[in-house]
Amino acid sequence: MTAQVNALAKPVLKEAKDDVLFVGKLEGVAHGLVTYENSVVGDVVALHVKTSTGNDFETHLTLTSATSMPLIFVIPKTIFEKNLVPGANAKLHYSVTRASNVSASPVLTVRFEP
């Protein structure tokens, strides 16, 4: 039996519309949504956020039971608003680690608006 994860889809930033996040309209947090097929107990799923303004955020969870998708990760608003400048953006991706094999999703780039 193989321990690999099938090809992963990009994450979704729930509050972004057409890959644009209106930071001023966020109410405290944003939500990163992750969906992938054939999840198994023990998978470690990590969401990574890196902004063009130098802010980084990472959070992870370990699946402990059969889990419905999408997985929802809470991202603090401060990650997006700290040092906000015109033209800023964030790159989001996630990884799934299964039996020491790591699979990474494609990157979602989201542009910021005040």
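1. With respect to unusual backbone geometry
With omega at 5 degrees, the peptide bond leading from M69 into P70 counts as cis. Positionally, P70 belongs in the loop between β5 (56–62) and β6 (71–76). Phi at D19 is positive, roughly 65 degrees, even though this residue is not glycine. Relative to the helices and strands, D19 resides in the loop between β1 (12–13) and β2 (20–22). The phi angle at N83 is positive, at roughly 65 degrees, despite the residue not being glycine. Here N83 is to be found in the loop between α1 (77–81) and β7 (89–98). Residue N83 is classed as partly exposed on the basis of its relative accessible area of 47%.

2. A closer look at the nonpolar core
Among the nonpolar cores identified, the biggest contains 28 residues, and L13, Y36, V49, I75 and F80 are the most heavily contacted of them. Secondary structure elements with two or more residues in this core: β3 (29–34), β4 (44–51), β6, α1, β7 and β9 (108–113). Per-element tally for this core: the top contributor is β7, with four residues. Apart from the residues lying within four places of it in its own chain, the contact partners of F80 are L13, L21, V23, L26, A30, V49, I75, A90 and F112.

3. Quick notes on the environment of T53
Its location among the elements puts T53 in the loop between β4 and β5. In this structure the C-alpha to C-alpha distance between T53 and I79, which are 26 residues apart in sequence, comes to 9.4 Å. In this view, T53 contacts K82, N83, V85 and A88; residues no more than four positions away in its chain are not counted. Looking at T53, its side chain comes within polar contact range of the side chain of T51, at 3.0 Å.

4. Re the side chain of H48
Along the polypeptide, H48 turns up in strand β4. Note on H48: relative accessible area 18%, which makes it buried. A distance of 3.3 Å separates a polar atom in the side chain of H48 from a polar atom in the side chain of S95. Among residues more than four places away in sequence, those in contact with H48 are F57, E58, K91, L92, H93, Y94 and S95.

5. Remarks on the packing of aromatic side chains
Tallied over the entire structure, the rule returns one aromatic pair. An angle of 80 degrees between the planes, with centres 5.5 Å apart, marks the rings of F80 and F112 as edge-to-face. Of the two residues, F80 sits in helix α1 while F112 sits in strand β9, which places them 32 residues apart along the sequence.

6. Overview of the side chain of S103
Secondary-structure assignment places S103 in strand β8 (residues 101–104). With sequence-adjacent residues up to four places away left out, S103 is seen in contact with V5, L8, Y94, S95 and V96.

Here is what the cut-offs are and how they apply
Residues numbered from 1 in each chain as written. Predicted model: local features only at pLDDT ≥ 70, side-chain atom pairs only at ≥ 80, totals over all residues. Heavy atoms only, no water. Helix = DSSP H or I, 4+ residues; strand = E, 2+ residues; numbered from the N terminus. Buried < 20%, exposed > 50% of the residue type's maximum accessible area, 1.4 Å probe, protein only. Core = buried A, V, L, I, M, F, W, Y, C linked by side-chain atoms within 4.5 Å. Contact = heavy atoms within 4.5 Å. Polar contact = N/O pair within 3.5 Å; in protein donor to acceptor, adjacent residues only side chain to side chain. Phe/Tyr/Trp six-rings, centres within 6.5 Å; stacked < 30°, edge-to-face > 60°.

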